[in-house]
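Below are the chains, spelled out letter by letter.
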Amino acid sequence: MKMTFRWFGSRSDSVTLQQIRQIPGMTGVMGFLDYKAAGEIWNEDEIAAYIGEVRAAGLACEVIESVNVHEDIKAGLPSRDRYIDAYRTTIRNLAKHGVQVIVYNFMPVFDWLRTDLARLIPEDGSNSLYFHERDLGDMGPMEIVRRTAQAAQGFSLPGWEPERLAELETTLERYRGMTAGQLRHNLRYFLEGIMPVCEECGVTMACHPDDPAWPIFGLPRIAHSQADYDALVALHPSRRNTACLCTGSLGSDPANDIPGIVRHFGQMGRVGCMHIRNVKRLGYRHFREASHLSTDGDLDMYAIVKAVYDTCPHIHVRPDHGRMIWGETGRPGYGLYDRALGAAYLNGLWEAITKS
Ligand code: DNO
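The sections below set out a description of the structure shown in this document. Keep in mind that this is a model prediction, so the values were computed, not measured.

The rules behind each value
Residues numbered from 1 in each chain as written. Predicted model: local features only at pLDDT ≥ 70, side-chain atom pairs only at ≥ 80, totals over all residues. Core = buried A, V, L, I, M, F, W, Y, C linked by C-beta atoms within 7 Å. Buried ≥ 20, exposed ≤ 12 C-beta atoms within 10 Å, placed from the backbone. Helix = DSSP H or I, 4+ residues; strand = E, 2+ residues; numbered from the N terminus. Contact = placed C-beta atoms within 7 Å. Axes fitted to C-alpha atoms, helices over the stretch in contact; angles between N-to-C directions. Parallel < 35°, antiparallel > 145°, perpendicular 65-115°, else oblique. Left-handed = near helix turned anticlockwise from the far one by under 90°. Nonpolar A, V, L, I, M, F, W, Y, C, P; charged D, E, K, R; others polar. Near = placed C-beta within 6 Å. Pairing = 2+ DSSP bridges. Expected span 1.5 Å × (residues − 1). Arc of directions from axis to C-beta.

Ile 102, Leu 245 and Val 308 are the most contacted members of the largest nonpolar core, which totals 93 residues. Among the elements that line this core, the one with the most residues is helix 9 (residues 180–201), at 6 residues. Discounting residues that sit within four places of it in the chain, Leu 245 has contacts with Leu 250, Ile 261, Val 262, Phe 265, Val 271 and Met 274.

Written out as structure tokens, the structure is:
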């Protein structure tokens, strides 16, 4: 298990590479060029600059997240071929700089969604990301976008890039009436377009789950259960077609047995990488993000790490969203302290498992 940390780049992250390097057991970052619009080619010089900086700090950058998929690909428009072509170029460019895994998602329009980005945790005065479907009430997609942007405190939020939400109404319109089957068909077309390049360059594609793990605003979503990922894996036989299992996203639905899912896809060789975090379910479609510790949430982190150890021990993982603790302010979910505690805890579980 290679422990990594998400880093948004020196222009946009409140956390420095040196701070990341000082976290015990940290080997690298899951990199991100947060200014790139979906569909844009990631040029070699900008990739080299980002990765060069990471390496100079004594860290590796073998995973990139997220190279966002253009809506025209997800919606299956004729213009998709141009964007798939651009995606192929980005894969080649990233591979030239040592990238082995690319995390993407295939959620129409919205990536993750929360109703509060800084919900007070009454027990200890920290705060974390929170979702209660009831709070969506009459709020439409436009309203949630406005509120999320306001609550982001000036930070760009991954998945909420302004350019992809600018034409929200037109984009939403494209998905009206689209079934999960049709969306899956569009994913197959995308995979058929990029898998030969992945094979040629040795790059693994890892699809991130829908977050939360159910459809929202009537949009089709196809990556929130074991059955969904079985279907995804069946779309293309290449071992480069894998899942980025995010325990917190999948864990928002109590029906998902997370250690079981890790074992299932680990044994198939289809876990590309993982985000490991905990979630505390508070009721029907109602949860908050918890510290990584098992007893603070509903996921058994020991069982999850053991499943990694038994079935896919060589993958890259990262602690995921942290709470805001000790007075820290920053990009919601992506502060330093709680994620660093999460990494140390997960490394502790790993050491205990390897020695027992
Ligand atoms: C949320 C992240 C996601 C993830 C993308 C991958 O904080 O885990 O935005 O990076 O879904 O494409």
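Here we take up the packing of helix 13 (residues 301–311) against helix 14 (residues 337–355). The contact between helix 13 and helix 14 brings their axes to 10 Å, and the two run at 60°. Regarding the angle of helix 13 to helix 14, the classification is oblique. When the axes of helix 13 and helix 14 are compared, the crossing they make is right-handed. Residue-level inspection shows Met 301, Tyr 302, Val 305, Lys 306 and Tyr 309 of helix 13 in contact with helix 14, the latter providing Leu 346, Leu 349, Trp 350 and Ile 353. A per-class count over the contact of helix 13 with helix 14 returns 8 nonpolar, no polar and 1 charged.

The environment of the ligand is formed by 13 residues, the closest being Ser 66, Asn 105, Pro 158, Gly 159 and His 208. A per-class count over the shell around the ligand returns 5 nonpolar, 6 polar and 2 charged.

Taken together, 8 strands build a closed barrel; the order of strands is 1-2-3-4-7-8-9-12 and the barrel is parallel. For this sheet, the mean angle separating the axes of adjacent strands, direction not counted, is 30°. Sheet topology places strand 9 (residues 271–276) next to strand 12 (residues 316–319); 4 bridges connect them, and they run parallel. Each bridged residue has a counterpart across the sheet, and for His 275 the counterpart in strand 12 is Arg 318.

The next point concerns the pairing of strand 12. Burial of strand 12 is two-sided: the residues His 316 and Arg 318 facing one way and the residues Val 317 and Pro 319 facing the other way are all buried. Judged from the 2 bridges that link them, strand 1 (residues 2–7) and strand 12 form a sheet pairing that is parallel. Within the sheet, the bridge partner assigned to Lys 2 lies in strand 12 and is His 316.

A word on the sheet that holds strand 5 (residues 116–120). Either a parallel or an antiparallel arrangement is found when strands of a sheet pair, and the pairing is made through backbone hydrogen bonds. Reading across from one edge, 5-6-11-10 is the order of the 4 strands in this open sheet, with antiparallel pairing throughout. Strands with a single pairing partner mark the edges of an open sheet, and in this sheet they are strand 5 and strand 10 (279–283). The mean angle between the axes of side-by-side strands here comes to 35°, regardless of whether they run parallel or antiparallel.

With that out of the way, let us pick up helix 14. The end-to-end C-alpha distance of helix 14, which contains 19 residues, comes to 27 Å, matching closely the 27 Å that a straight helix rising 1.5 Å per residue would cover. Buried within helix 14 are the following residues: Asp 338, Arg 339, Ala 340, Gly 342, Ala 343, Leu 346 and Leu 349. Of the surrounding elements, those touching the buried residues of helix 14 are strand 1, strand 9, helix 13 and strand 12.

Okay, the environment of Gly 297 next. Mapped onto the secondary structure, Gly 297 falls in the loop between strand 11 (286–289) and helix 13. Separated by 44 residues in sequence, Gly 297 and Leu 341 place their C-alpha atoms 15 Å apart. The contacts of Gly 297, once residues within four sequence positions are left out, are Asn 278, Val 279, Lys 280 and Ala 290.

So, about the packing of helix 4 (residues 80–96) against helix 9. Two elements in contact, helix 4 and helix 9, have axes separated by 10 Å at closest approach and are oriented at 20°. The pairing of helix 4 with helix 9 is recorded here as roughly parallel in orientation. In terms of crossing hand, the pair formed by helix 4 and helix 9 is right-handed. Judged by residue contacts, Ile 84, Tyr 87, Arg 88, Ile 91, Arg 92 and Ala 95 of helix 4 engage Phe 190, Gly 193, Ile 194, Val 197, Cys 198 and Cys 201 from helix 9. The class makeup of the residues in the contact of helix 4 with helix 9 is 9 nonpolar, 1 polar and 2 charged.

Of the residues making up helix 13, those classed as buried are Met 301, Ile 304, Val 305, Ala 307 and Val 308. The buried residues of helix 13 occupy an angular sector of 150° when the element is viewed end-on, so they sit on one face. The secondary structure elements touched by the buried residues of helix 13 are helix 11 (247–251), helix 12 (258–267), strand 9, strand 12 and helix 14.

What follows concerns unusual backbone geometry. Cis geometry is found at the peptide bond from Glu 65 to Ser 66, where omega equals -5°. Note on placement: Ser 66 falls in the loop between strand 3 (60–65) and helix 3 (71–75). Positive phi values are uncommon outside glycine, yet Val 109 reaches one of about 60°. On the secondary structure map, Val 109 appears in the loop between strand 4 (101–104) and strand 5. Judged by the 20 C-beta atoms lying within 10 Å of it, Val 109 is buried. Phi angles above zero are rare outside glycine, and Phe 217 is one such case at about 50°.

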